[in-house]
Amino acid sequence: MTASLEKTSSATVRGACPQDCPDTCAMMVTVRDGKAVEVAGDPDHPFTRGGLCVKVDNYLDRVYSTDRVLFPLRRTGPKGSGKFERITWDEALDEIAARFTEISAQDGPEAIMPCSYLGTQGILNGLNVGDPFFAKLGATIAERTYCDSGSCTAYAMTIGDTAGVDPESMVHSNYILIWACNVMSTNLHLWPFIAEARKRGAKVVVVDPVKTRTAKAADWHLPIKPGTDTALALAMMHVIIRDGLTDDDYIARYTVGFDELADRVAQYPPEWAAEETGIPAEEIERLAREYAGAQPSVIRIGVAVERHAGGGQTVRALSCLPGLVGAWRKPGGGILQLPLWAFPVNWGAMMRPDMLTPGKRVVNQFLLGEALTGEMELDPPINALMVYNSNPVVVCPDQDKLVRGLSRDDLFTVVSEQFLTDTAQFADIVLPATTQLEQADIMFSWGHLYVSYNNPSIEPLGEAVPNTELFRRLAARMGFTDPVFQRTDDEMIAEAFDWTAPAMQGITVESLKAKGWQRLNVPPPDAYAPHAEGGFPTASGKVEFVSSAAAGGNFVVPLFRQGSNDFQPGDPVDPLPHYIPPRESVRTNPELAAKYPLNLLTPKSHAYLNSSFGNLEVHRKVQKDPTVLINPIDAEERDITSGQRVRLFNDRGSFTVAAKVDKSVLPGVVVSSLGGWRKDSPSLSTLASVNPTTFADLGNAPTFSDTLVQVEPCVDA
Amino acid sequence: MAYVVTDACIDILDQSCMEECPVDCIYQGDRMMYIHPDECVDCGKCMPACPSDAIHWEHKLPADAVPFRDAAVEFFEEHEQASGGAAECGPVGIDHPVVTQAGGRA
């Protein structure tokens, strides 16, 4: 087996999946005569164990799709018409540089804004790839808080940015509480570890408003009303403290603020939580007793847990629980959020916050529609937008407004993409981007503890370039001569990690290129109990039930905002966990609920990764046409039957899908999965048109699960 | 719907697929294995694991394998106990008629 790029014979190249998923699978690409002929999982990888998934098994359909954008394009028709002509890279770069320079001179550089996220999550080509360029340009800073931003703020406020539980240690867990995470669809490679724990006697419990695949497979599913998760977690703490189920020695040695927490959660008895959550008080009591009693217990939280008004407090409360019961003492005990924090990524070298102009304004990408339409007062307005690694028309809320903004004739929009996405359709210039097989990258994971290296396996198709090369070319054309813009990919890889950090001992670029992946230099899963004796990366070094970091007010972790700490939200934060009810629910907003009585949830699809793969034939066959799951009671009230086309709407917008009458959702809840493309929708709109732009309490997290809608049968013309 | 076990498995029952399946959705009949169409997560791990090349993906199914796709659906409708994990369920011990009526192996 070789790890090099070979053109004339058959070779197997070691790669890593680039998708925005915790699992970062080890990929093996078979290349014959310069063409990739097979993509498979690496059976030796201890976490992904030879598996990919329904999305990436068919990655070659993506790479070699006839719909790939392979050359730079310039718009020839009206905005959004999707009419383009092929141009050269020189013409494209000239036009972009000329327009950026002109707009910068006329309106100031803040009239230009980047828009990106994790279309690829390699350290080189992912989250921060454009940051040095836009810092140098002086553009508006893009705050990107799609995923776990509020969760990270809350988690850091409580236990610091620790890796938490090694997912492989979960075979040792005695009680696995999966909270707002559909493991089988979005974290598949974790499931065998859960299944193994179960064989060894662990109980698997799922808290989710929907009876997902994962909930169906669990020993116990607790269907919870959307947005009320904090109430359940606080009531669990109430029971644990009331009944003396605490680990008092652990609390005394390794936590701060227990007495204050005990006073606080005394206000949240199970009877109260039962009203909020819809889960009977006896079940809450039982859950708390079982969770505390079956050590080591672990909580696996999903990204969805933060997506409501009080999402930050949900994670605050959940992060307190393991300390209360001493779960951290043994391997497999604690909480699993993002093991990403174990990786000594040299973020500073990638995003270069030192290059930012102090006091530069920050605009959150959820508000892109408001920013582009002028509804948000911005001086200067945004007159140029550069999109890469993202398809905001599908993944941003407030779709109608965003489309109006993107339709502005005076907005200059550049989109770097693999396909003509719903966003690229509105571009003035489209630039061709490589897929993972055509680029080198080095990867962290937010779902296991292995560093991965992605060797390129084929030459770039057409004139596609990696994002790194895109920004090298653009910087050169803008006349930016700083060394940061001269770095080759290999030089960037050399800077990607703090290679001297203890976690990187035994790992070199060369060893990674050859092996494809290596476990961080941390104890093996059977022995990894990082907080058996405290040692939390908080100010006190302990679990902070009373958070000292809360004193500084609400903040977004700078990683999610190009490294900037300016214009943080800053609003005061209660240092103790507390309940913030959902903003849009029948109980909390009866006036709104009179018009829009159903809570819409918009989880990730099984066969798409956000909107990636939503255009590919085989993935669409698996995912089938977009649907909304609706409980039989709600369906009957509306005279809706399965297969019928229905319209979902609220004050923000509307979209149509087929109904699927299904008892797997609670009455009052409807579920439609994210990822279908707008252009394929009969209503020319998707669920993003009804989702709110309002932030959760911490970290400017989204509130996509805090959405009321009405559903009615379509009167098809 | 999902991955489908076809006639190349009959009387072989290698079971490598069972070991590979991350969600334990491959059940043993009498003469053949069956993949639960609702429990399968389409991950594809079973396909290369099968030494008999008996497993195909529903969406790239050879024409002569179509009866086995339908057989899997009917098998699990018929045998409701075959759900929630093959390990716990154990061998079902019965086959779908398509399999029962298949010829033996030389």
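Residues numbered from 1 in each chain as written. Chains lettered and ligands numbered in written order. Predicted model: local features only at pLDDT ≥ 70, side-chain atom pairs only at ≥ 80, totals over all residues.

Within an unreviewed UniProt entry, the label attached to chain B reads Ferredoxin, and the organism entered is Haloechinothrix salitolerans. The UniProt entry for chain B carries the following text under Function (unreviewed entry): "Ferredoxins are iron-sulfur proteins that transfer electrons in a wide variety of metabolic reactions." (UniProt positions renumbered as here; feature names shortened; annotations may be inferred.)

Per an unreviewed UniProt entry, chain A carries the name Molybdopterin-dependent oxidoreductase and comes from Haloechinothrix salitolerans. UniProt's Sequence similarities (unreviewed entry) comment on chain A is quoted here verbatim: "Belongs to the prokaryotic molybdopterin-containing oxidoreductase family." In its Cofactor (unreviewed entry) section, the UniProt record describing chain A reads: "Mo-bis(molybdopterin guanine dinucleotide)".

**Student:** Which residues make up the overall build of chain B, and what values do they have?
**Tutor:** A tally of regular secondary structure across chain B gives 5 helices and 4 strands. Taken from N to C terminus, the helices and strands of chain B fall in the order β-α-β-β-α-β-α-α-α. Over its C-alpha trace chain B gives a radius of gyration of 12 Å, about what one expects of a compact globule, namely 13 Å for 106 residues. For chain B, the C-alpha atoms occupy an extent of roughly 30 × 25 × 20 Å along the three principal directions. Taken across its 106 residues, chain B has 42% of its residues classed as buried. For chain B, the proportion of contacts with a sequence separation of at least 24, taken over those separated by at least 6, is 72%. (Helix = DSSP H or I, 4+ residues; strand = E, 2+ residues; numbered from the N terminus. Rg over C-alpha atoms; globule rule 2.2 N^0.38 Å. Buried ≥ 20, exposed ≤ 12 C-beta atoms within 10 Å, placed from the backbone. Contact = placed C-beta atoms within 7 Å.)

**Student:** Explain the sheet that holds strand 3 (residues 35-41) of chain A to me, and be specific about the residues and the numbers.
**Tutor:** Residue and element names in this part refer to chain A. Strand order in the open sheet formed by 3 strands is 1-2-3, and the pairing between neighbours is antiparallel. At either margin of the open sheet sits one strand with a lone partner, and together these are strand 1 (11-16) and strand 3. Taking each pair of neighbouring strands and ignoring which way they run, the sheet shows an average axis angle of 30°. (Pairing = 2+ DSSP bridges. Axes fitted to C-alpha atoms, helices over the stretch in contact; angles between N-to-C directions.)

**Student:** Give a description of the environment of Gly51(A) that names residues and reports values.
**Tutor:** Residue and element names in this part refer to chain A. Mapping Gly 51 onto the fold places it in the loop between strand 3 and helix 1 (59-63). Gly 51 sits in the buried class, given 28 other C-beta atoms within 10 Å. Residues Gly 51 and Met 27 lie 24 residues apart in sequence; the distance between their C-alpha atoms is 8.7 Å.

**Student:** Can you break down unusual backbone geometry residue by residue, with the values?
**Tutor:** Note the cis peptide between Gln295(A) and Pro296(A), where omega equals -5°. Counting through the fold element by element, Pro296(A) comes out in the loop between helix 12 (281-293) and strand 12 (297-301). A cis amide bond, omega 0°, links Asp379(A) with the succeeding residue Pro380(A). Here Pro380(A) shows up in the loop between helix 15 (368-373) and strand 15 (384-388). Although it is not a glycine, Gln562(A) adopts a positive phi angle of roughly 60°. As for its position among the elements, Gln562(A) is in the loop between strand 21 (543-544) and helix 21 (590-595). Accessibility expressed as a C-beta count within 10 Å gives 28 for Gln562(A), which makes it buried. The phi torsion at Asp24(B) lies on the positive side, around 55°, for a residue other than glycine. Tracing the backbone shows Asp24(B) in the loop between helix 1 (16-20) and strand 2 (26-28). A count of 22 C-beta atoms within 10 Å places Asp24(B) in the buried class.

**Student:** Quick rundown of the nonpolar core? Include the residues and the values.
**Tutor:** All names here are of chain A. Counting 265 residues, the largest nonpolar core has Ile 176, Met 236, Met 237 and Val 670 as the members making the most contacts within it. When residues of this core are assigned to domains, at least three fall in each of domain 1 (149-340 + 529-560) and domain 2 (590-713). Not counting residues up to four positions away in its chain, the partners in contact with Met 237 are Val 265, Ala 317, Cys 320, Leu 321 and Leu 324. (Core = buried A, V, L, I, M, F, W, Y, C linked by C-beta atoms within 7 Å. Domains from an automatic or database assignment.)

**Student:** Which residues make up the domain arrangement of chain A, and what values go with them?
**Tutor:** All names here are of chain A. Assigned domains within chain A: domain 1 (149-340 + 529-560) and domain 2 (590-713). Taken over C-alpha atoms, the centre of domain 1 sits 28 Å from the centre of domain 2. Each partner contributes residues to the interface: domain 1 has 27 residues there, and domain 2 has 21 residues. Those elements that provide at least two residues to the side of domain 1 that touches domain 2 are helix 4 (149-159), helix 5 (183-186) and helix 13 (311-325). Considering each element in turn, the side of domain 1 that touches domain 2 owes the most residues, 6 residues, to helix 4.

**Student:** Tell me about the pairing of strand 17 (residues 429-432) of chain A, and please be specific about residues and values.
**Tutor:** All names here are of chain A. Going residue by residue along strand 17, you find Ile 429 and Leu 431 tucked away on one face and Val 430 and Pro 432 tucked away on the opposite face as well. The sheet contact formed by strand 4 (residues 73-75) and strand 17 spans 2 bridges and is antiparallel. The residue of strand 17 that forms the bridge with Arg 74 is Ile 429. In the sheet, strand 16 (residues 412-417) pairs with strand 17 via 4 bridges, with the strands oriented parallel. Bridged to Glu 417 within strand 17 is Pro 432.

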